[in-house]
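Here is how the chains run, residue by residue.
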Amino acid sequence: EGTTDAAGALDLGSLPAVRYEALIVSPEPGEPPTTVSLDLGDGATLPRPLALANAATVRGRLLPAARAAGREVVAVDESPILGAVSPRARVAEDGAFTLRVSVGRRYRLDLEPSGTTSRVPLGRVSVPANMADALLPDQRVPATVTLSGTVVLGATPLPGATVQV
């Protein structure tokens, strides 16, 4: 692991001459991380540039907007990359959101909790390597209901139990 200098140069020292999946995290806010295949096997040409992949823009709208406005949509990578941060976008008053995501990845979209509401799964989106922009169909944000009850073990109430939904 290393950080580039002011000229964008990096020296990771001696590495075994094998194939790697390199993670590149941009210092620019809002730019998603990129993974690149890096073959350092016999005959590899070094040094070589490691280019950030173009990011894709995913746009959508949540309805009714009043249930989602001000909350965040998060894109959770389904094959997580160590050190990667999940892209997030604040939902506008009209229910619209825009996410910048890495190409060549698959994401689960969730609407983050707010106050007394819990996380809402919104579905999945695959981002092919050649995709630059995607407009998702409108998504319905369900109404909330109150869930309460008693957790029991056999017939005995179970104090201290944790319940996750």
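Preceding block: the structure.
Quick summary incoming for the structure in this document. This structure is a prediction, so every number in the text was calculated from the model and none was measured.

**Structural notes on the overall build of the protein chain**
In step 1: Summing up its helical and strand segments, the protein chain has one helix and 12 strands in all.
In step 2: The helix and strand sequence of the protein chain, counted from the amino end, reads β-β-β-α-β-β-β-β-β-β-β-β-β.
In step 3: Each of the three principal axes of the protein chain carries a C-alpha extent, and together these read 65 × 45 × 25 Å.
In step 4: Within the protein chain, the proportion of its 165 residues that are buried is 28%.
In step 5: Considering only contacts in the protein chain between residues 6 or more positions apart, those separated by 24 or more positions represent 54%.
In step 6: As displayed, the protein chain offers around 11300 Å² of accessible surface, 54% of which is attributable to carbon and sulfur atoms.

**Some thoughts on the nonpolar core**
In step 1: Ranked by internal contacts, the top residues of the largest apolar core, which has 23 residues, are Leu62, Val73, Phe97, Leu99, Val101 and Leu111.
In step 2: When contributions to this core are tallied by element, the ones reaching two or more residues are strand E3 (55-63), strand E4 (72-77), strand E6 (96-102), strand E7 (105-111) and strand E8 (120-127).
In step 3: It is E8 that provides the largest number of residues to this core, a total of four residues.

**Observations regarding the pattern of salt bridges**
In step 1: Applying the stated rule across the entire model yields 11 salt bridges.
In step 2: Here aspartate 39 and arginine 19 are joined by a salt bridge, their closest N and O atoms 3.7 Å apart. Residue aspartate 39 is located in strand E2 (residues 34-39), and its partner arginine 19 is located in strand E1 (residues 19-24); the two are separated by 20 residues in the primary sequence.
In step 3: Judged by its relative accessible area of 35%, aspartate 39 falls in the partly exposed class.
In step 4: The salt bridge partner of aspartate 133 is arginine 59, with a shortest N-O separation of 2.8 Å. Here aspartate 133 is found in strand E9 (residues 133-135), whereas its partner arginine 59 is found in strand E3, with 74 residues between them in sequence.
In step 5: Judged by its relative accessible area of 49%, aspartate 133 is partly exposed.
In step 6: Judged by its relative accessible area of 35%, arginine 59 falls in the partly exposed class.
In step 7: A single salt-bridge network, built from bridges that share partners, covers Glu72, Arg88, Arg90 and Glu112.

**A look at the environment of aspartate 110**
In step 1: Along the chain, aspartate 110 falls in strand E7.
In step 2: In this structure the C-alpha to C-alpha distance between aspartate 110 and valine 18, which are 92 residues apart in sequence, comes to 37 Å.
In step 3: Once residues lying within four places of it in the same chain are set aside, the contact partners of aspartate 110 are Glu72, Val73, Val74, Val76, Arg119, Val120, Pro121 and Leu122.
In step 4: A distance of 3.2 Å separates a polar atom in the side chain of aspartate 110 from a polar atom in the side chain of arginine 119.

**Points about the environment of aspartate 138**
In step 1: Note that aspartate 138 resides in the loop between E9 and strand E10 (139-140).
In step 2: Overall, the relative accessible area of 42% leaves aspartate 138 in the partly exposed class.
In step 3: Taking the C-alpha atoms as reference, aspartate 138 lies 24 Å from valine 165; in sequence the two are 27 residues apart.
In step 4: Apart from residues no more than four positions distant in its own chain, aspartate 138 is found in contact with Arg61 and Leu63.
In step 5: A polar side-chain atom of aspartate 138 sits 2.5 Å from a polar atom in the side chain of arginine 61.

**So, the environment of proline 64**
In step 1: Along the chain, proline 64 turns up in the loop between E3 and helix H1 (65-68).
In step 2: In the structure, proline 64 is positioned 25 residues away from aspartate 39 in sequence and 49 Å away in space, judged by C-alpha atoms.
In step 3: Excluding its chain neighbours within four sequence positions, the residues that come into contact with proline 64 are Arg140 and Val141.

So, how was this worked out
- Residue positions are given per chain, counted from 1 along the sequence in the order it is written.
- Local features in this predicted model are restricted to residues of pLDDT 70 or higher, and side-chain atom pairs are both shown and tallied only at a pLDDT of 80 or more, whereas totals for entire chains, interfaces and linings draw on every residue.
- Just so you know, side-chain values use all the structure's heavy atoms and leave hydrogens and water out.
- Elements are defined by DSSP. Helices are runs of H or I of four residues or more, strands are runs of E of two residues or more, and each kind is numbered from the N terminus.
- Buried residues are those whose accessible area, probed at 1.4 Å on protein chains only, stays under 20% of the maximum for their type, while exposed residues exceed 50% and partly exposed ones sit between those limits.
- Should any heavy atoms of two residues lie within 4.5 Å, those residues are counted as being in contact.
- To measure how exposed things are, a 1.4 Å probe is used in the Shrake-Rupley method; for residues, cover is taken only from the protein chains shown.
- Side-chain atoms within 4.5 Å are what join buried Ala, Val, Leu, Ile, Met, Phe, Trp, Tyr and Cys residues into a set we call a nonpolar core.
- We count a salt bridge whenever a side-chain nitrogen from Lys or Arg sits within 4 Å of a carboxyl oxygen from Asp or Glu.
- Polar contacts, as used here, are pairs of N or O atoms within 3.5 Å; protein pairs need one atom able to donate a hydrogen and one able to accept it. Residues neighboring in sequence count only if both atoms are side-chain atoms.

Geometric values such as these leave the question of function open.
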